[in-house]
Amino acid sequence: MIVMLMRRILLGFITVCLVSIIIFSGIEMLPGDACTQYLGEYQADKELLEQCRKDLDLNRPAHERFREWAGGAMTGDLGMAVDGKTKISTIVGDRVKNSLLLAFCAMLVGIPLALILGIITGLWRDRMPDLVISTLAIFAMTIPEFVSATLLILVFSIWLGWLPGIVLTSASAPISEFFPEILLPVIVLSLVMCAHIMRMVRSSVIDVMSSDYVQMATLKGVPYWQMVFRHALPNALLPAINVVALTIAWLLGGVVVIEVVFNYPGLGRLMIDAISDRDLPVVQSIALIVASIYVCVNLAADLLTMLANPKLRTVYTRK
Amino acid sequence: MAQAITHQFEKNRALTVLKDLVSRPSGAIGLSLVMFHLVLAIISPYIAPYDYKLQNSYLMLSAPDAVHWLGADHLGRDVFSRTLMGGREALLVTGIATPLAVIWGGFIGILFGLVGGRLDEVLMRVVDAFLSLPWILKMLVIIVTFGSGTAVLIPTLAFFYGVPVIRIARAATHDVIARDFVWSAKARGHSRISIIWRELLPNVLDALMVEGAMRWSWMLLAFSSLSFLGFGVSPPTPDWGLMISDARGFMSFAPWGVIGPVIALSSLIIGINLTADALAKALGIDRAQKAPV
């Protein structure tokens, strides 16, 4: 088990390294660089361009710069934004905190709800509650986030006036100031998330309930609910861990659209702004952060699955 | 003779699957929604009551009435006509990009699944690395650099959405590869291409088709999200994502602007998903095990 664990960690590390190479070379390959962006229309002036590149160390070979950037990133120093004055780590820091807050709230609502609904639909397969909830889940899953967000704003903040439809808090504000503005984005996110996890839990519950050992337990006369909670659910919920992990990773990185709709100052909106401004150093840093989070969350999920899997556990203790 | 029999079998199977698909409520509803949108995309320029770019300042943000069924937008353009035509660009781009993505991703996946070994390990790490970056970041970097024309969007979408297909095709190949008929083809001395084409592809095709349907819906989602963010279709081309984004600002006093495109876009994407779901069930593949990527 330790060997397996080490292997997973090593693979995760390799993935992050590969990502950093892809990001760096990808951005290196695109036409234009920080200097052409910084100088704007003055870039036609060859001398100025040369001087700027010299100042920003851009005329050194790419692999040397990559080593420096990657080395810095490992110690938490992400370099300077394209304006040359602000440290990227300070800009990104607040945004990471806000994105984490949003993700955490959405998980707090979404995961328990998904588990409960998944178990209900799985146990009452193809009956009324299942049909209704599953149909709703397909809607929640497939309707684009900006559509559901727009509809929710229309209903809850314009027609009913219950919740603010837009976040006006600044990026560096303390967490408490994000309430109640954060509620609508959290609802949208947790809906999508809940639908994905629920479907997974449902199919896994159905799978386990039709397995031999559940039949055996029934035949032995184990009471239904005891059988569900003691024998079926622990096995059924295991595969859900990986889906939850993927969903969390998606939450942290891919909620760009929702952040734009609600004007939420998170990592996603920073990413859009940085890409529009062609602030490539910031784009690189965000990409690296998001990719690392993705890898870490997946790693954690694998670890949890290993720890929680009764099969692996017995192998471990028997040794 | 043997050839003829297999052909017969294949034909029957396609028909059986199609029948199975339509007999499920989700498949019937989904497929008719998709067909409806496809037909609409083709005939909408001929049936749209007004010119999609005709502006009329008297009509600005006017409410729905008998003449303009869904009212007019902030530039006084007929929302109903624009909604009818709003899916054309999206369907064109994703309709070309989806097969491209499935073909290249499927081919690479099957090839590396067959070859295996060190090379396969390396490729999977690269695929993992690609997947760990959010799609929108990859897309936007390309779009901001090269523009958002159809000529840029199609290859970009095809490339990025082909990467996860590699994984699916590879996994499906691994399931098939240990079977006897692949071994006997190898023993008969068939070339790799011949094994891929005659032995692996027919068996992996089911998984690829379901994956293709899913990729299509995700691509549409990506395309309309990009338009919504202002990085996709350029005005005045009507597009649902762009229309929603434009009408959102006036939602408090002119909510009808968002309703049309919202219903159109949602019904198309739901249609594709229902079809994909029913297709997966008809082909005997469990799709619920998959997470959003």
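Residues numbered from 1 in each chain as written. Chains lettered and ligands numbered in written order. Predicted model: local features only at pLDDT ≥ 70, side-chain atom pairs only at ≥ 80, totals over all residues. Heavy atoms only, no water.

Caption draft 1: Inspection of the overall build of chain B at higher detail. A tally of regular secondary structure across chain B gives eleven helices and zero strands. Each of the 293 residues in chain B was classed as buried or not, and the buried ones make up 54%. For chain B, the share of sequence-separated contacts (at least 6 apart) that also reach a separation of at least 24 residues comes to 72%. Summed over all atoms, the accessible surface of chain B reaches about 13200 Å², with 67% contributed by carbon and sulfur. (Helix = DSSP H or I, 4+ residues; strand = E, 2+ residues; numbered from the N terminus. Buried < 20%, exposed > 50% of the residue type's maximum accessible area, 1.4 Å probe, protein only. Contact = heavy atoms within 4.5 Å. Areas by Shrake-Rupley, 256 points an atom, 1.4 Å probe, with all protein chains shown as cover.)

Caption draft 2: Just the overall build of chain A, in detail. Counting secondary structure elements, chain A contains 15 helices and zero strands. Scored against the burial criterion, the 319 residues of chain A give a buried share of 49%.

Caption draft 3: Representation of the environment of Ser-217 of chain B. Assignment of secondary structure puts Ser-217 of chain B in helix H9 (residues 192–229). For Ser-217 of chain B and Thr-98 of chain B, which are 119 residues apart along the polypeptide, the C-alpha to C-alpha distance reads 9.3 Å.

Caption draft 4: Inspection of the state of the cysteines at higher detail. Residues and elements named next belong to chain A. For the coordinates displayed, the defined rule picks out zero disulfides over all chains. Cysteine Cys-105 remains unbridged, with the sulfur of Cys-194 as its closest cysteine sulfur at 16 Å. Exposure remark for Cys-105: the relative accessible area of 12% places this residue in the buried category. (Disulfide = S-S within 2.5 Å.)

Caption draft 5: Region of the structure containing the interface of chain B and chain A. With 44 residues of chain B in contact, the opposing surface of chain A contributes 44 residues. In total, about 4200 Å² of surface goes out of reach between chain B and chain A, with carbon and sulfur atoms giving 79% of it. Across the salt bridge formed by Arg-199 of chain A and Asp-277 of chain B, the nearest N and O atoms sit 3.3 Å from each other. Summed over the shared surface of chain B and chain A, the number is one residue pair in polar contact (both at pLDDT 80 or more). Considering each element in turn, the side of chain B that touches chain A owes the most residues, ten residues, to helix H11 (residues 256–283) of chain B. Split by residue class, the side of chain B that touches chain A holds 29 nonpolar, nine polar and six charged. (Buried area = accessible area lost by both parts, 1.4 Å probe. Salt bridge = Lys/Arg side-chain N within 4 Å of Asp/Glu carboxyl O. Polar contact = N/O pair within 3.5 Å; in protein donor to acceptor, adjacent residues only side chain to side chain. Nonpolar A, V, L, I, M, F, W, Y, C, P; charged D, E, K, R; others polar.)

Caption draft 6: Broad picture of the packing of helix H13 (residues 267–276) of chain A against helix H6 (residues 135–146) of chain B. Packing of H13 of chain A against H6 of chain B leaves a shortest axis separation of 10 Å and a crossing angle of 15°. Looking at the two axes, H13 of chain A sits roughly parallel to H6 of chain B. Relative to H6 of chain B, H13 of chain A is oriented so that their crossing is right-handed. Every residue of H6 of chain B that contacts H13 of chain A at Met-271, Ile-272 and Ile-275 of chain A is listed here: Ile-136, Leu-137, Leu-140, Val-141 and Val-144 of chain B. Across the contact of H13 of chain A with H6 of chain B, the residue classes break down as eight nonpolar, no polar and no charged. (Axes fitted to C-alpha atoms, helices over the stretch in contact; angles between N-to-C directions. Parallel < 35°, antiparallel > 145°, perpendicular 65-115°, else oblique. Left-handed = near helix turned anticlockwise from the far one by under 90°.)

Caption draft 7: Expanded view of the environment of Asp-207 of chain A. Residues and elements named next belong to chain A. If you trace the backbone, Asp-207 turns up in helix H8 (residues 183–209). In this structure Asp-207 comes out as exposed when scored by relative accessible area, which is 51%. It is 8.9 Å that separates the C-alpha atoms of Asp-207 and Gly-122, two residues lying 85 residues apart in sequence.

Caption draft 8: Representation of unusual backbone geometry within the structure. All names here are of chain A. At Asn-263, a position not held by glycine, the phi torsion is positive, near 60°. Tracing the backbone shows Asn-263 in the loop between helix H12 (256–261) and H13. Judged by relative accessible area, which is 27%, Asn-263 ranks as partly exposed.

Caption draft 9: Region of the structure containing the pattern of salt bridges. Residues and elements named next belong to chain B. Overall, the coordinates contain nine salt bridges over all chains when judged by the stated rule. The closest approach of N and O atoms between Asp-128 and Arg-125, which form a salt bridge, is 2.8 Å. Within this pair, Asp-128 and its partner Arg-125 are both found in helix H5 (residues 117–131), separated by three residues, close to a single helical turn. Overall, Asp-128 belongs to the buried group, its relative accessible area being 14%.

Caption draft 10: Layout of the nonpolar core. Residues Phe-262 of chain A together with Leu-157 of chain B are the most contacted members of the largest nonpolar core, which totals 151 residues. Beyond its immediate sequence surroundings of up to four residues, Phe-262 of chain A is in contact with Ala-149, Ile-153, Gly-165, Ile-166, Val-167, Leu-184, Pro-185 and Val-188 of chain A. Ranked by size, the runner-up nonpolar core spans 17 residues in total, among them Ile-110, Ala-169, Ile-196 and Leu-200 of chain B. (Core = buried A, V, L, I, M, F, W, Y, C linked by side-chain atoms within 4.5 Å.)

Caption draft 11: Structural detail: H9 of chain B. Residues and elements named next belong to chain B. In this model H9 runs just 45 Å from its N-terminal to its C-terminal C-alpha over 38 residues, more than 12% under the 56 Å that 1.5 Å per residue would give. Roughly 55° is the biggest bend found in H9, and it falls at Leu-201, with proline Pro-202 one to four residues downstream. Buried residues dominate H9, accounting for 29 of its 38 residues. Residue Gly-230 follows H9 closely and has a positive phi angle near 90°. (Expected span 1.5 Å × (residues − 1). Bend = angle between axes of the 7 residues up to and from the residue.)

Caption draft 12: Fine view of helix H10 (residues 240–248) of chain B. Residues Trp-240, Gly-241, Leu-242, Met-243, Ile-244 and Ala-247 of chain B constitute the buried set of H10 of chain B. Along its buried surface, H10 of chain B packs onto helix H7 (145–159) of chain A together with helix H2 (25–47), helix H3 (79–85), H9 and H11 of chain B. For H10 of chain B, the N-terminal capping position is held by Asp-239 of chain B, with its side-chain oxygen 3.0 Å away from the main-chain nitrogen of Gly-241 of chain B.

Caption draft 13: A look at the packing of helix H8 (residues 180–187) of chain B against H9 of chain B. Residues and elements named next belong to chain B. In the contact formed by H8 and H9, the axes pass within 10 Å of each other and the chain directions differ by 175°. Classed by the angle they form, the pair H8 and H9 counts as roughly antiparallel. Contacts from Phe-181, Val-182, Ala-185 and Lys-186 of H8 reach H9 at Ile-195, Glu-199, Leu-200 and Asn-203. Residue composition of the contact of H8 with H9, grouped by class: five nonpolar, one polar and two charged.

Caption draft 14: Quick peek at the side chain of Asn-273 of chain B. Among the secondary structure elements, Asn-273 of chain B is positioned in helix H11. Engagement of the side chain of Asn-273 of chain B in a polar contact is seen with the side chain of Ser-217 of chain B, the distance being 3.3 Å.

Caption draft 15: Focus on the packing of aromatic side chains. Within the structure shown, the criterion is met by eight aromatic pairs over all chains. Between Phe-146 of chain A and Phe-228 of chain B, the ring centres sit 4.4 Å apart and the planes meet at 20°, which makes this aromatic pair stacked. Here Phe-228 of chain B lies in helix H9 and Phe-146 of chain A lies in helix H7, a pairing that spans two chains. Grouped by ring-pair contacts, the aromatic residues Trp-124, Tyr-224, Trp-225 and Phe-229 of chain A constitute a single cluster. Between Lys-186 of chain B and the ring centre of Trp-183 of chain B, over which it is positioned, the NZ or CZ distance is 4.9 Å. (Phe/Tyr/Trp six-rings, centres within 6.5 Å; stacked < 30°, edge-to-face > 60°. Lys NZ or Arg CZ within 6 Å of the ring centre and 35° of its normal.)

Caption draft 16: Summary view of the environment of Ile-143 of chain B. Residues and elements named next belong to chain B. Position of Ile-143 relative to the elements: it lies in helix H6. Along the chain, Ile-143 and Asp-128 lie 15 residues apart, while their C-alpha atoms are 23 Å from each other. If sequence neighbours within four positions are ignored, Ile-143 has contacts with Ser-148, Leu-153, Leu-226 and Phe-231.

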